[in-house]
Amino acid sequence: MATATERSGTGRGLGARLRATSKVLPEHARAHNRSLVLQHLFHEGPTSRADLARSTSLTRVTISDLVSVLITEGLVEELGTRPGQRVGKPAILVGLRTDAYQIVAVDLTEHGHMRGAVLSLTGEIMVRRQLDIDGRTGDELVDLLTRFVRRLVAAASHPVIGVGVGSPGIIDLDGRVVEAPNRGWYDVPLAAILGERLGLPVHVANDANTAALGEFTYGGATGSMLVVTLGAGVGAGVVVDGVRVHGQHDAAGEIGHVTVVDDGEPCACGRVGCLETVLSVPALRRAVADKSPEDSDAALASAGRVLGVTLAPVVSALNLTEVLLSGPRDLLDGPLREAALDTIRQRTMPAINTGLQLRMAALDEDVVLAGAAVLVLSAQLGVS
């Protein structure tokens, strides 16, 4: 039986459902019911208080109270009556003020630069920025990131409700980077540092997990999927039955440092032959450099087969419905993707692979930025 924490959506791992769907115990009720209302308005659009009560199974008194508070907070507004309504007292529609606030998001996936954006609550990118990292790691990179985010906040045209950052590495639920070898970060409380410097709520998560959030909320992905991000490293974000999987040590989906080649290249983690040494974007660029189109396709297909071998047991164990690739389309969407899918099908049962999709992320290069915005939406508004 699920615990109260699991039902409320505030737990970890398989107990942390992304979207609130029902009523909850009294000790969690206020925040949870607030999330139910905002969730409905976010996904369904303007509606009446009566329809909100029916959809959420909350009482009309509770809905009236919650809506009043949300209007006072500036998150919700009354929008007048429903067009065309004739019979009875006209119902006043209420809607989420998606244009009243903005979110700052940063993507640290790429090796040589960081990408940032100012987004609306609905995920529309209002401002874009990019900044070269120039080889910075450790504290220097934290300082550069701070300056970058400050410029993004200054570029916002509406109040910023929070900052979301998608970063490579193992990152706990408090936004502490446990280990990110490519960034020179070990036990760095990144969210706390940025939050103190910026005076804003800051939420930091693994870039692959962040990408999974973006696809789930804005990209229309199913509730059982794997998003593989390929940039400076390789990672995966896992959603099973609508629940984001964290793992015991917040390292679920950390496939980049699985050893796949016994006599392979040295890896930043200190081992040899990790998946990252074969599938990261720099590794793929080196593999196709100065090759003919035929040889380039062969090299990408070879990397795709390695990816397929790695993913087959994951897809089988979790019975996933789709795998999404996030990274440069010129490298991934062709021989690599096709070879990976063929390999997964060859190595799993028909009951597992029938209907399985392996496709590019719908949000393309913006998937981590969108997911970083969802980090803020989820934490600040309870919306995903």
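Residues numbered from 1 in each chain as written. Predicted model: local features only at pLDDT ≥ 70, side-chain atom pairs only at ≥ 80, totals over all residues. Heavy atoms only, no water.

Caption draft 1: Structural detail: helix α4 (residues 60–72). Helix length check: α4, at 13 residues, gives a terminal C-alpha distance of 18 Å against a target of 18 Å (1.5 Å per residue), a fit within 8%. Burial in α4 covers these residues: I63, L66, V67 and L70. Viewed along the axis of α4, the buried residues span an arc of 100 degrees, placing them on a single side of the element. In α4, the exposed positions that point more than 90 degrees away from the buried face belong to V61 and T72. Positioned one or two residues after α4, G74 has a phi angle of 85 degrees, which is positive. (Helix = DSSP H or I, 4+ residues; strand = E, 2+ residues; numbered from the N terminus. Expected span 1.5 Å × (residues − 1). Buried < 20%, exposed > 50% of the residue type's maximum accessible area, 1.4 Å probe, protein only. Arc of directions from axis to C-beta.)

Caption draft 2: A look at unusual backbone geometry. Look at N319: it is not a glycine, yet its phi comes out positive at around 50 degrees. Here N319 lies in the loop between α10 (293–318) and β15 (322–326). In this structure, D364 is a non-glycine residue whose phi angle is positive, near 55 degrees. Tracing the backbone shows D364 in the loop between β16 (357–360) and α14 (367–381).

Caption draft 3: Molecular detail of the layout of surface pockets. Approximately 400 Å³ is the volume attributed to the second largest pocket. Contributing elements (two or more residues each) for the lining of the second largest pocket: α8 (276–279), α9 (281–288) and α10. (1 Å grid on protein atoms, 1.4 Å probe; cavity = no way out; pocket = protein on both sides within 12 Å on 5 of 7 lines; lining within 4 Å. Points joined across faces, edges and corners; volume = space filled by probe spheres on them.)

Caption draft 4: The side chain of T277, seen in detail. Mapped onto the fold, T277 is located in helix α8. Of note is the side chain of T277, whose polar atom sits 2.5 Å from the backbone oxygen of C274. When sequence neighbours within four positions are dropped, the list of residues in contact with T277 reads E265, P266, C267 and A283. (Polar contact = N/O pair within 3.5 Å; in protein donor to acceptor, adjacent residues only side chain to side chain. Contact = heavy atoms within 4.5 Å.)

Caption draft 5: Main features of the environment of S35. With respect to the element layout, S35 can be found in helix α2 (residues 26–44). The spatial distance from the C-alpha of S35 to the C-alpha of L108 is 29 Å, given a sequence separation of 73 residues.

Caption draft 6: How the structure looks around helix α6 (residues 190–198). The set of residues buried in α6 consists of L190, A191, L194, G195 and L198. Down the axis of α6, the buried set is contained in an arc of 125 degrees. They therefore lie on one face. Among the structural elements, α5 (138–155), β7 (160–167), β9 (177–180), β10 (185–188) and β11 (202–206) are those in contact with the buried residues of α6. Just past α6, the residue G199 takes up positive phi, approximately 70 degrees.

Caption draft 7: Here's a closer look at the pairing of β7. β7 sits mainly inside the fold: 8 of its 8 residues count as buried. Taken together, the 6 bridges between strand β4 (residues 102–107) and β7 define a ladder with parallel strand orientation. Its bridge partner lying in β7, V106 is registered against V165. As paired elements, β7 and β11 share 5 bridges and run parallel to each other. Along β11, the bridge assignment pairs V163 with V202. (Pairing = 2+ DSSP bridges.)

Any functional reading would require information beyond the geometric quantities listed.
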